[in-house]
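What follows is the residue order along each chain.
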Amino acid sequence: MSSTPANHPRVVIIGAGIVGCSLADELTARGWTDVTVLEQGPLPAPGGSTSHAPGLVFQTSPSKTLTAFARYTVEKFNSLQVDGVSCFNPVGGLELATTPERLADLHRKAGYAASWGVRGEIVSAARCKELWPLIDQSAVLGGFHTPDDGLARAVLAARAQMERATEKGARFLDRHTVTGIEQEDGKVTAVVTDRGTFPADHVVSAAGFWGPVIGRMAGVDVPLQPLAHQYAKTKQLPELTEATPGAGSGATAHASTDASKPILRFQDRDLYFREHHDRIGIGSYAHKPLPVDPFGILPYDEARANDMEMPSSYPFTEEDWAPSWDDCRWLMPALRETEIEEGFNGVFSFTPDGMPVLGESRELRGFWLAEAVWVTHSAGVAKAVAEWMVDGRASIDLHECDLTRFEDAQRSPSYVRERGSRQFIEVYDVLHPLQPMDDPRPLRVSPFYARQQELGAYFLEGGGWERPHWYEANAPLVDGLRLPERDAWSARYWSPIAAAEAKATREKVALYDMTPLRRLEVTGPGALDFLQRMTTNNLRKKPGAVTYTLLLDETGGVRSDLTVARLAPDRFQVGANSPTDLDWLIRHAPGGGTSRSSEADTGGVQIRDITSGTCCVGVWGPLARELVQPLTRDDFSHEGFGYFRAKETHLGHVPVTAMRLSYVGELGWELYTSADLGLRLWDTLWDAGQEHGVIAAGRSAFNSLRLEKGYRAWGVDMTDEHNPFEAGVGFAVRMDKDGFVGQEALRGLATEEPARRLTPLLLDDPVTVVLGKEPVYIDGAPAGYLTSASYGYTLGRCVAYAWLPALPTGTGVHIEYFGEKVPATVAEEPLFDPKMNRIRR
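Throughout this description, residue numbers start from 1 for each chain and increase along the sequence as written. With pLDDT at 70 or above as the cut-off, local features in this predicted model cover only qualifying residues; side-chain atom pairs require 80 or more to be listed or tallied, and sums for whole chains, interfaces and linings still use all residues. To get the side-chain values, take all heavy atoms of the structure and skip hydrogens and water.

Visitor: Hey, could you go over the pairing of strand S19 (residues 279-284) for me, with residue numbers and the actual values?
Guide: For every residue, the accessible area obtained with a 1.4 Å probe (protein chains only) is divided by the maximum for its type, and the residue is called buried under 20%, exposed over 50%, and partly exposed between those limits. Counting from the N terminus, the helices are DSSP H or I runs at least four residues long and the strands are E runs at least two residues long. In terms of residue burial, S19 counts as a mostly covered element, since 6 of its 6 residues are buried. Burial along S19 is two-sided: Arg279, Gly281 and Gly283 facing one way and Ile280, Ile282 and Ser284 facing the other are all buried. In this scheme, strands are said to pair when DSSP sees at least two bridges between them. For strand S16 (residues 225-234) and S19, the ladder comprises 4 bridges, and the chain directions are antiparallel. Within S19, the position partnered with Tyr231 by the bridge is Gly283. Note: strand S18 (residues 271-276) against S19, 6 bridges, orientation antiparallel. Across the sheet, residue Leu271 finds its bridge partner in S19, namely Ser284. Remark: 2 residues form the turn of the hairpin made by S18 and S19, two consecutive strands paired antiparallel; His277 in that turn has positive phi of roughly 60 degrees.

Visitor: Can you explain the nonpolar core? Please cite residues and give values.
Guide: Residues enter a nonpolar core if they are buried and are Ala, Val, Leu, Ile, Met, Phe, Trp, Tyr or Cys, with the set joined through side-chain atoms within 4.5 Å. Grouped together as the largest cluster of nonpolar side chains are 52 residues, with contacts concentrated most on Ile13, Leu27, Phe77, Phe172 and Leu358. Of all the elements in the fold, those that place two or more residues in this core are strand S1 (11-14), helix H1 (18-29), strand S2 (35-38), helix H3 (64-79), helix H6 (154-167), strand S24 (367-371) and helix H11 (378-391). Ranked by residues supplied to this core, first place goes to H11 with 8 residues. The contact definition used throughout considers only heavy atoms, calling two residues in contact when any of these lie within 4.5 Å. Those residues within four positions of Leu27 in sequence are excluded, and the remaining contacts are Val11, Ile13, Trp32, Val35, Ala386, Met389 and Val390.

Visitor: Give a detailed account of the pattern of salt bridges, specifying residues and quantitative values.
Guide: A side-chain nitrogen of Lys or Arg and a carboxyl oxygen of Asp or Glu constitute a salt bridge if their distance falls within 4 Å. This structure, assessed with the given rule, holds 53 salt bridges. In this structure, Arg127 and Glu130 form a salt bridge, with 3.0 Å as the shortest nitrogen-oxygen distance. On the criterion of helical spacing, the pair formed by Arg127 and Glu130 is a turn pair, its members being 3 residues apart in helix H5 (residues 125-131). For Arg608, the salt bridge identified is with Glu521, shortest N-O distance 2.9 Å. With Arg608 in strand S33 (residues 605-609) and Glu521 in strand S28 (residues 518-523), this pair connects stretches of sequence that are 87 residues apart. Arg608 sits in the partly exposed class, given a relative accessible area of 36%. Residues joined by salt bridges that share partners form a network here, namely Asp25, Glu26, Arg30, Lys76, Arg164 and Glu387.

Visitor: Please provide a residue-by-residue account of a positive patch on the surface, values included.
Guide: Patches here: salt-bridge-free residues with over 30% relative accessible area, like charges joined within 9 Å, nonpolar side chains (Val, Leu, Ile, Met, Phe, Trp, Tyr) joined within 5 Å. Note on areas: Shrake-Rupley, 1.4 Å probe, and residue coverage restricted to the protein chains presented here. Positive charges come from Lys and Arg, negative ones from Asp and Glu, while His and the chain ends are left out of the count. Where a charge sits is defined by one atom per residue type, namely NZ (Lys), CZ (Arg), CG (Asp) or CD (Glu). There is a patch of like positive charges on the surface, built from Lys541, Lys542, Arg645 and Arg734. One can find Arg645 in the loop between helix H17 (624-628) and strand S35 (646-651).

Visitor: Break down unusual backbone geometry for me, citing the residues and quoting the values.
Guide: Cis geometry is adopted by the peptide bond preceding Pro44, which originates at Leu43 and carries an omega value of 10 degrees. With an omega of -5 degrees, the peptide bond running from Arg441 to Pro442 counts as cis. Relative to the elements of secondary structure, Pro442 occurs in the loop between helix H12 (413-425) and helix H13 (449-454). Positive phi outside glycine occurs at Lys773, with the angle close to 80 degrees. Mapped onto the secondary structure, Lys773 falls in the loop between strand S39 (756-763) and strand S40 (775-778). In this structure Lys773 comes out as partly exposed when scored by relative accessible area, which is 31%.

Visitor: Please provide a residue-by-residue account of the confidence of the model for the protein, values included.
Guide: Predictor confidence is given residue by residue as pLDDT, running from a minimum of 0 to a maximum of 100. Per-residue confidence for the protein averages 95 on the pLDDT scale, and 96% of its residues sit at or above 70. The low-confidence segment residues 245-255, where pLDDT is below 50, has 16 contacts with residues more than four positions distant or belonging to other chains.

Visitor: So what about the sheet that holds strand S6 (residues 88-89)? Which residues, and what values?
Guide: Reading across the sheet, the 3 strands line up as S3-S10-S6 and stay open at both edges, with antiparallel pairing between neighbours. Strand pairing shows two members of the sheet lacking a second neighbour, strand S3 (56-57) and S6, which therefore form its edges. Both S6 and strand S10 (residues 150-152) contribute to a ladder of 2 bridges, which runs antiparallel. Residue pairing in the sheet places Asn89 in a bridge with Leu151 of S10.

Visitor: Explain helix H15 (residues 527-534) to me, using residue names and the numbers behind them.
Guide: Counting buried positions along H15 gives 6 out of 8 residues, so the element sits mostly inside the fold. For H15, the complete set of buried residues consists of Ala527, Leu528, Phe530, Leu531, Gln532 and Met534. Structurally, H15 contributes buried residues whose contacts are with S28, strand S29 (546-552), strand S30 (558-568), strand S31 (571-576), helix H16 (579-588) and S33.

Visitor: Give me the lowdown on the sheet that holds S2, citing residues and values where you can.
Guide: Ordered in space as S11-S2-S1-S15-S24-S23, the 6 strands form an open sheet in which the pairing is mixed. Every interior strand has two partners, whereas the edge strands, strand S11 (171-173) and strand S23 (357-360), have only one. Shown here is a sheet whose adjacent strand axes are inclined to one another by a mean of 20 degrees, direction ignored. Here S1 pairs with strand S15 (residues 202-205) via 4 bridges, running parallel. Residue pairing for S15: Ile13 is matched across the bridge by Val204. With axes taken as lines fitted to C-alpha atoms, and helix axes fitted only over the stretch in contact, angles between N-to-C directions fall between 0 and 180 degrees.

Visitor: Quick rundown of the pairing of strand S43 (residues 812-817)? Include the residues and the values.
Guide: One ladder, built from 2 bridges, connects S40 with S43; its direction is antiparallel. Looking at the pairing, Val776 lines up with Ile815 of S43. Judged from the 6 bridges that link them, S43 and strand S44 (residues 820-826) form a sheet pairing that is antiparallel. Each residue of the ladder has a partner; that of Val813, found in S44, is Ala824.

Visitor: Help me get a handle on H3, residues and values and all.
Guide: When the terminal C-alpha atoms of H3 are compared, their 23 Å separation across 16 residues agrees well with the 22 Å that a helix rising 1.5 Å per residue should span. Among the residues of H3, those classed as buried are Thr65, Leu66, Thr67, Phe69, Ala70, Tyr72, Thr73, Val74, Lys76 and Phe77. Multiply 1.5 Å by the residue count of a helix minus one, and that product is the helix's expected span.

Visitor: Which residues make up the packing of H3 against H11, and what values go with them?
Guide: Following both chains from N to C, one finds H3 and H11 inclined at 105 degrees, their axes separated by 6 Å at the closest point. Considered as vectors, H3 and H11 are oriented roughly perpendicular to each other. Residues Phe69, Tyr72, Thr73, Lys76 and Phe77 of H3 pack against Ser378, Ala379, Gly380, Val381, Lys383 and Ala384 of H11. In these notes the angle categories are as follows: under 35 degrees is roughly parallel, over 145 is roughly antiparallel, 65 to 115 is roughly perpendicular, and the rest is oblique.

Visitor: Go over empty space enclosed by the protein with me, naming the residues and quoting the values.
Guide: Definitions used for this entry: grid spacing 1 Å over protein atoms alone; cavity, a set of points where a 1.4 Å probe fits but cannot get out; pocket, an open set with protein on both sides within 12 Å along at least 5 of 7 lines; lining residue, one with an atom within 4 Å of a point. Grid points are joined across faces, edges and corners, and a volume is the space filled by probe spheres set on the points. Under the definition given, this model contains 4 cavities of 30 Å³ or more. Considering only enclosed or pocket space, the largest cavity measures out at about 60 Å³ in volume. Contributing to the lining of the largest cavity are Arg467, Pro468, Tyr471, Tyr512, Asp513, Met514, Ala697, Gly698, Arg699 and Phe702. Those elements giving two or more residues to the lining of the largest cavity turn out to be strand S26 (465-471), strand S27 (510-513) and helix H19 (699-709). Empty space within the second largest cavity amounts to approximately 40 Å³. Around the second largest cavity, the lining residues are Leu539, Lys541, Ala545, Thr547, Val564, Ala565, Arg566 and Phe572. Counting residues per element, the lining of the second largest cavity draws most heavily on S30, which supplies 3 residues. Residues of the lining of the second largest cavity, tallied by class, amount to 5 nonpolar, 1 polar and 2 charged. Polar here means any residue outside two lists: the nonpolar Ala, Val, Leu, Ile, Met, Phe, Trp, Tyr, Cys and Pro, and the charged Asp, Glu, Lys and Arg; Gly therefore counts as polar.

Visitor: Give me the lowdown on the environment of Val617, citing residues and values where you can.
Guide: Following the sequence through the fold, Val617 ends up in strand S34 (residues 614-620). The class of Val617 is buried, set by a relative accessible area of 0%. In the structure, Val617 is positioned 141 residues away from Leu758 in sequence and 30 Å away in space, judged by C-alpha atoms. Not counting chain neighbours up to four residues away, the residues in contact with Val617 comprise Phe448, Leu511, Tyr512, Trp669, Glu670, Leu671, Leu681, Trp682 and Leu685.

Visitor: I'd like to hear about the environment of Ala499, residue by residue, with values.
Guide: In this fold, Ala499 is placed in helix H14 (residues 497-507). The exposure class assigned to Ala499 is buried, which follows from its relative accessible area of 3%. Along the backbone, Ala499 and Ser578 are 79 residues apart, and their C-alpha atoms lie at a distance of 28 Å. Aside from chain neighbours lying at most four places away, what touches Ala499 is Leu481, Leu483 and Tyr793.

Dropping the structure here:
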């Protein structure tokens, strides 16, 4: 099937809810005007989540990306009108605290707001009462007021954007049910409906909770779980009739007077509130999860025939509502004199990690997902996806939303259902940044798991892996350590044992389980040239060389950092960060990649994910050589095995690939072997290390040690929003190398002083500990935000990194931690062992 020219691609969007309409508007605004939007229900309210959404937009999130989506949504909807009615009602937002724990959490949320550029302030209980007179002031300790939040009129906003896109050439076709996705040679070619076939160069699934249904037609996995959520409206309240202009006329009241009070969250009871003229709308997350099978959701007409208002509106379950209604009347005594007039269980989408699912499928080129998107983030998501489609990348970092981010083990229907349901339960919970979900665990374990359990490992989770953060067996090592007492928040998911493990690593030797690190194998006659083109550093070195390098996008943004070992002329082992790195490499492999698996073989280059079949132990500390050398006939001296070198050898009976690397700033090696020999490797090292006082050490100590050395963590300290020079990794860029991705965008930047930098900070107070994402103030005004932070046990101070304007060493700043301004000072990196004497010996 022929396609149109690349500058006039044919786009078919499936779904005319708020996301589909927003995307059509954003695409046509960028010159892609051949856009067809297909909708199975009637327009402008086709019966999906948009049609019943209460429209509350609270912008602030722990996620910088989600907050950016919400900020753009507010900005755009504020600019849209239909028939003289604004698509956004900026009544503000108010979150209440009725417990000390929640009030502390609101202070933390105010910090996020300052970090991400959202106006907000902590207010007293009296001010909460002024903003919402119906609440019982005696029940409230305080609140978080965000004056720019408010109510999105979702159906109206969809209509406004539909009209704008139509004026630019888009067409919207309702009553078209998608029945199939046509494809040829791994590329989407058309969308089939019950009323005809629509040729396409790009297809975007913006089908909401029907996303998995559309995905199955395309052969693309969509890890999304629909759940029903209770929403109810009270009868008319005299207090609102008197206070709300235009109230009393019910549904016929002009939309501009639908609410005057801030949208309200009572998260201690999993509730939210908004005005509907002279009534109050109440949403509850307090009930048990109510998963819905996306393949069982009725089409619009069938739903109507079954006495449902719309497909997304399920019958109200009063037995689930009863406890929440008691909580509502406790908070607002006026509700004791009224009843619920109507209610429904509205269906919307959750993912295993609570983030949207965005991007183009590698399995089916031209097939895009814009799924699991709430009204709050809709316009921001649409803008990002439109930029991605038209320009090749979004203007903000999307790695948290990329459809490729999930591991294979996280894509099973059971996993998606369990974790999606858990996301529903925790939507209003006070969550610590390290807090893992309880189930399903354990899912992925390294070959050393049994030994770790014997040593009393305290496990947290990442990427489905059980990851030891410290070991109770090391508790005796805490005796004699002098550590600052931590506040309750920073003491969660932490133990003083981490300090003992860090000390042992600095003074003796420790074993670290590095198995969860992603490992790729790139082989073939074209492997070197391919990796040279894809990365920034020079890999044209003799076998045995290991190189730290970067993956950039075309604009010079840091997509990832890699460690590449050349093990043979045509064989490389690549240490990567996430499944997205594998996806990026396969897509850019010679001939392109459409593999559904974790490997590709095209154009003389084979790319394979070897993580699950291998394992790794980091052996680090000043006694690492004394531990390892007796186990092998090969020379592990500094002269015989230099820094950033690799060697294939044997340790005892175990064949290993040894790489002399260190992410903790101490002498040592990363030792790789196959998974079946992993336990034997651990036991070999453990037995040999007893005379040297070897311990097992966890991620908590690891993170402290790596920050003392200033080693970056991609996805936390730097993303594709940052270039290498401002991120402090410009040393990994060889501008004199022939043609690598992103090279042109970097020209000139290497010799310019960056306007902003990833900046090391030392807290002035040796007692205070911060955790990351807190705002940083200069001269009393927010100027940036923290990325990573941890107590530096060797330095005796908390170490933090922050994105800030370029500042000279010694500059004083303040970090806001739970509402308190904590002094810190710009430091010079690396903070520990600047001459690298401990590693290179």
